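What follows is the residue order along each chain.
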Amino acid sequence: MPTERIQPGKDLEPGLHEQIPHFGWMVFGFIALVIAGLTFYLTRHSYEHVAAHDGYLGPGKCKECHPKQHESWAKTRMASSFGVLRPGEKAQEKQLAGLDPAADYTHDTACIPCHTTGYGLVGGFVSIEQTPDMAGVTCESCHGPGGSYVGTVMALDKPEFQTVEARKSGLVYPPTEAVCRVCHNSRSPFVGADYKFDFAERVRLGTHEHFKLKYEHGR
Ligand code: HEC
Ligand code: HEC
Ligand code: HEC
Ligand code: HEC
């Protein structure tokens, strides 16, 4: 009996021949499946990447995980800085700046870039009707478009991520004076050419209240 088993030349070879095409199809099927799966995964991945990368998400997204910063930010002048473009708002200030207090500046492209978030960029402000969440100076004006880091580097399942990694991905942290200077400069009709922007004082004056983070993240 055992000798029959270890002598395949006689009994087993025909059987083996029969199985080769079977086995071949299985390998082929397996490779095809792997390729199909990989193609699906990669295209899906790159689609998400293209859709999310550089995109602005709006302060509602940040609020999901940072409710305290959101609550505090919502009370700042920057949060409501779109409102000052409406007719009748800040009438005296507008008059002094040589603007018409009765005019509606909410669709004026000479004003919008500094009084909204991500104007002209993916996911950014388009108009108050289409993108009301992007009105005003929101989180992403200072921290960069969330699509590039939220849910990837910055996620609840790895809250101990490194700042340097998040920054590579697009997070702006900590925001430097240059970030503020994009808007806080003498192109604003309300400030003269002699405009001085005291960064430390302005941060202290309140962008939002700062809360101690649970993790260090490095810098
Ligand atoms: C899914 C949850 C989640 C969302 C949404 C989210 N964050 Fe975070 N974020 C975190 C976590 C977790 C930390 C680390 C918290 C800690 O250490 O206590 C963090 C930390 C930060 C930090 C500090 C970074 C550092 O390196 O120390 C900033 C700034 C920040 N988030 C900004 C934002 C902004 C702006 C948005 C919206 C565009 C946002 N986050 C959306 C989860 C999130
Ligand atoms: C280059 C960016 C920029 C542009 C362009 C801009 N603003 Fe502003 N605006 C600012 C900044 C920054 C402030 C806050 C100034 C400060 O407190 O230092 C401000 C403040 C204001 C205020 C409040 C003034 C006060 O004293 O309370 C009004 C109203 C205003 N802007 C309306 C407008 C209108 C209307 C336009 C278009 C005609 C415009 N802004 C264009 C950046 C800009
Ligand atoms: C996208 C444009 C934009 C950016 C970026 C920006 N600001 Fe502002 N900021 C404004 C506008 C517009 C106002 C005026 C809001 C109003 O008066 O309605 C303002 C107002 C302020 C105020 C309130 C003024 C006061 O005296 O009470 C402070 C403080 C401030 N900014 C600090 C900063 C700092 C610090 C940074 C950078 C970390 C920064 N801003 C980045 C547009 C911007
Ligand atoms: C005008 C600019 C500006 C805006 C708008 C802004 N931040 Fe910040 N944020 C800062 C600055 C400046 C720091 C402090 C950086 C440092 O520690 O040097 C900071 C720090 C943080 C931190 C770290 C923890 C803390 O409390 O200091 C988180 C988280 C954060 N911001 C989330 C948000 C979220 C969420 C929003 C919107 C709801 C927002 N920020 C809007 C400028 C801004």
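Because the structure is predicted, anything quoted here is derived from the model rather than measured. (Residues numbered from 1 in each chain as written. Chains lettered and ligands numbered in written order. Predicted model: local features only at pLDDT ≥ 70, side-chain atom pairs only at ≥ 80, totals over all residues.)

**Quick notes on the overall build of the protein chain**
Then, in step 1: Within the protein chain, the regular secondary structure consists of 10 helices and zero strands.
Then, in step 2: Going from N to C terminus, the protein chain has its helices and strands arranged as α-α-α-α-α-α-α-α-α-α.
Then, in step 3: The buried share of the protein chain, reckoned over its 219 residues, is 19%.
Then, in step 4: Partitioning the contacts of the protein chain with sequence separation of at least 6, the portion at a separation of at least 24 is 55%. (Helix = DSSP H or I, 4+ residues; strand = E, 2+ residues; numbered from the N terminus. Buried ≥ 20, exposed ≤ 12 C-beta atoms within 10 Å, placed from the backbone. Contact = placed C-beta atoms within 7 Å.)

**What about the site of ligand 1?**
Then, in step 1: In the vicinity of ligand 1 lie 22 residues, with Cys62, Cys65, Gly146, Thr163 and Lys214 positioned nearest.
Then, in step 2: Mapped onto the shell around ligand 1, the elements with two or more residues apiece are helix H3 (59–63), helix H7 (139–143) and helix H8 (163–169).
Then, in step 3: Take the shell around ligand 1: its biggest share by element is three residues, from H7.
Then, in step 4: By residue class, the composition of the shell around ligand 1 is 13 nonpolar, five polar and four charged. (Near = placed C-beta within 6 Å. Nonpolar A, V, L, I, M, F, W, Y, C, P; charged D, E, K, R; others polar.)

**Considerations on the site of ligand 4**
Then, in step 1: Taken together, 21 residues form the shell around ligand 4, and within it Cys62, Cys139, Cys142, Pro174 and His210 come nearest.
Then, in step 2: When residues of the shell around ligand 4 are traced back to their parent elements, those giving at least two are H3, helix H4 (67–73) and H7.
Then, in step 3: Looking at which element gives the most residues to the shell around ligand 4, the answer is H7, with four residues.
Then, in step 4: Its residues placed into classes, the shell around ligand 4 shows 12 nonpolar, nine polar and no charged.

**Things to note about unusual backbone geometry**
Then, in step 1: In the segment running from Tyr173 into Pro174, the intervening peptide bond is cis, with an omega of -10°.
Then, in step 2: Within the chain, Lys90 stands out as a residue other than glycine whose phi angle is a positive 50°.
Then, in step 3: Tracing the backbone shows Lys90 in the loop between H4 and helix H5 (91–96).
Then, in step 4: For Lys90, a count of 16 C-beta atoms within 10 Å translates into the label partly exposed.

**Concerning the nonpolar core**
Then, in step 1: Core analysis: the biggest nonpolar cluster contains 14 residues, and Tyr149 and Met154 have the highest contact counts within it.
Then, in step 2: When neighbours within four sequence positions are excluded, Met154 is seen to be in contact with Tyr149, Phe161, Ala166 and Leu171.
Then, in step 3: Core analysis: the next-biggest nonpolar cluster, separate from the first, contains five residues, Cys62, Ala79, Cys139 and Cys142 among them. (Core = buried A, V, L, I, M, F, W, Y, C linked by C-beta atoms within 7 Å.)

**Things to note about the environment of Asn185**
Then, in step 1: Inspection of the secondary structure puts Asn185 in the loop between helix H9 (177–181) and helix H10 (199–206).
Then, in step 2: Note: C-alpha distance between Asn185 and Lys196 (11 residues apart in sequence) is 8.2 Å.

**Examining the environment of His66**
Then, in step 1: Looking at where His66 falls in the secondary structure, it is placed in the loop between H3 and H4.
Then, in step 2: Taking the C-alpha atoms as reference points, His66 and Phe211, separated by 145 residues in sequence, lie 9.8 Å from one another.

**Here's the deal with the confidence of the model for the protein chain**
Then, in step 1: Per-chain confidence: the protein chain averages 84 in pLDDT, with 76% of residues scoring 70 or above.
Then, in step 2: Counting contacts from residues 42–52, a segment whose pLDDT is below 50, to residues more than four positions away or on other chains yields one contact. (pLDDT = per-residue confidence, 0-100.)

**Some words on the environment of Met134**
Then, in step 1: Structurally, Met134 can be placed in the loop between helix H6 (112–115) and H7.
Then, in step 2: Sequence-wise, Met134 and Leu57 are 77 residues apart; in three dimensions their C-alpha atoms are separated by 8.7 Å.
Then, in step 3: Excluding anything up to four places from it in sequence, Met134 contacts Tyr56, Gly58, Thr116, Thr117, Gly118, Gly124 and Phe125.

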